[in-house]
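What follows is each chain in one-letter form.
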Amino acid sequence: MKAVLIILWAGLFLDGTDPYLVQLRQIYEKAPSKEIYCKQMLKMLDKVNNQQPLLYGYKGCATMIMAKHSFNPVNKLSYFKRGKNMLERAISSDKNNIELRYLRLAVQLNTPGFLGYKNSIDIDKKFLKDNINNLSDKQLVAMIQSVI
């Protein structure tokens, strides 16, 4: 019985997707609507630094999302700027990472215009359209298709 369960569980990740990343993506989708998920993401990513660009990009996004859950305008801006810098640093470390480019596009599409963070929308959309067919990760493909 155990062998059957292990085989079934392993089959969920045949495309090579890390279960930690699958969980992180699921929480990321919920983070804008509930602060508890945003805090959970930040806790999961607490020890992550810029040596892990993809995870650092998610940490930057979670930090920016915290701005949505803050009531103090100064804190809102601080969260946003700090998270934006983290995401941009992650992208500059790994310019061809399709998931990082998806994250930036998703953030820029949902950021108020007065923050001035909309300068890469067209570039990222084109990059994602040009590269989506190279992905075997079905979860990531679905996430990208939701924004392009």
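Presented here is a report on the structure given in the accompanying data block. This is a predicted model, so every value here is computed, not measured. (Residues numbered from 1 in each chain as written. Predicted model: local features only at pLDDT ≥ 70, side-chain atom pairs only at ≥ 80, totals over all residues. Heavy atoms only, no water.)

## What about the environment of Ser93?
Counting through the fold element by element, Ser93 comes out in helix α5 (residues 73-93). Taking C-alpha positions, Ser93 is 9.4 Å from Leu54, a pair spaced 39 residues apart along the chain. Sequence-distant contacts of Ser93, defined by excluding residues within four places in its chain, comprise Asn50 and Pro53. (Helix = DSSP H or I, 4+ residues; strand = E, 2+ residues; numbered from the N terminus. Contact = heavy atoms within 4.5 Å.)

## Some points on the pattern of salt bridges
This structure, assessed with the given rule, holds eight salt bridges. Arg25 is paired through a salt bridge with Glu99; the nearest N and O atoms lie 2.8 Å apart. Of the two residues, Arg25 is situated in helix α2 (residues 19-30) and Glu99 in helix α6 (residues 98-109); the sequence distance between them amounts to 74 residues. With respect to class, Arg25 is no different from Glu99; both count as buried. With a closest N to O distance of 2.6 Å, Arg101 and Asp124 form a salt bridge. (Salt bridge = Lys/Arg side-chain N within 4 Å of Asp/Glu carboxyl O. Buried < 20%, exposed > 50% of the residue type's maximum accessible area, 1.4 Å probe, protein only.)

## Description of the packing of α2 against helix α4 (residues 53-69)
Across the interface, α2 lies against α4 with an axial gap of 11 Å and an inter-helix angle of 20°. For the element pair α2 / α4, the angle class is roughly parallel. Along this stretch, α2 crosses α4, giving a crossing that reads as left-handed. Taking contact as the criterion, the partners of Tyr20, Leu21, Leu24, Arg25 and Tyr28 in α2 are, on α4, Leu54, Leu55, Tyr58, Cys61 and Ile65. Taken together, the residues of the contact of α2 with α4 sort by class into nine nonpolar, no polar and one charged. (Axes fitted to C-alpha atoms, helices over the stretch in contact; angles between N-to-C directions. Parallel < 35°, antiparallel > 145°, perpendicular 65-115°, else oblique. Left-handed = near helix turned anticlockwise from the far one by under 90°. Nonpolar A, V, L, I, M, F, W, Y, C, P; charged D, E, K, R; others polar.)

## As for the packing of aromatic side chains
Inspection of the entire model under this criterion finds two aromatic pairs. Seen from their ring centres, Tyr28 and Tyr58 are 5.5 Å apart, and the 85° between their planes marks the pair as edge-to-face. Of this pair, Tyr28 sits in helix α2 while Tyr58 sits in helix α4, and the two are 30 residues apart along the sequence. On the basis of an interplanar angle of 80° and a centroid distance of 5.9 Å, the ring pair of Phe80 and Tyr117 is categorised as edge-to-face. Within this pair, whereas Phe80 is found in helix α5, its partner Tyr117 is found in the loop between α6 and α7 (121-131), the two being separated by 37 residues in sequence. Each member of the pair, Phe80 as well as Tyr117, carries the same accessibility label: buried. The ring of Phe127 has Arg101 lying over it, and the distance from NZ or CZ to the ring centre is 4.0 Å. (Phe/Tyr/Trp six-rings, centres within 6.5 Å; stacked < 30°, edge-to-face > 60°. Lys NZ or Arg CZ within 6 Å of the ring centre and 35° of its normal.)

No statement about biological role is implied by the geometric values presented.
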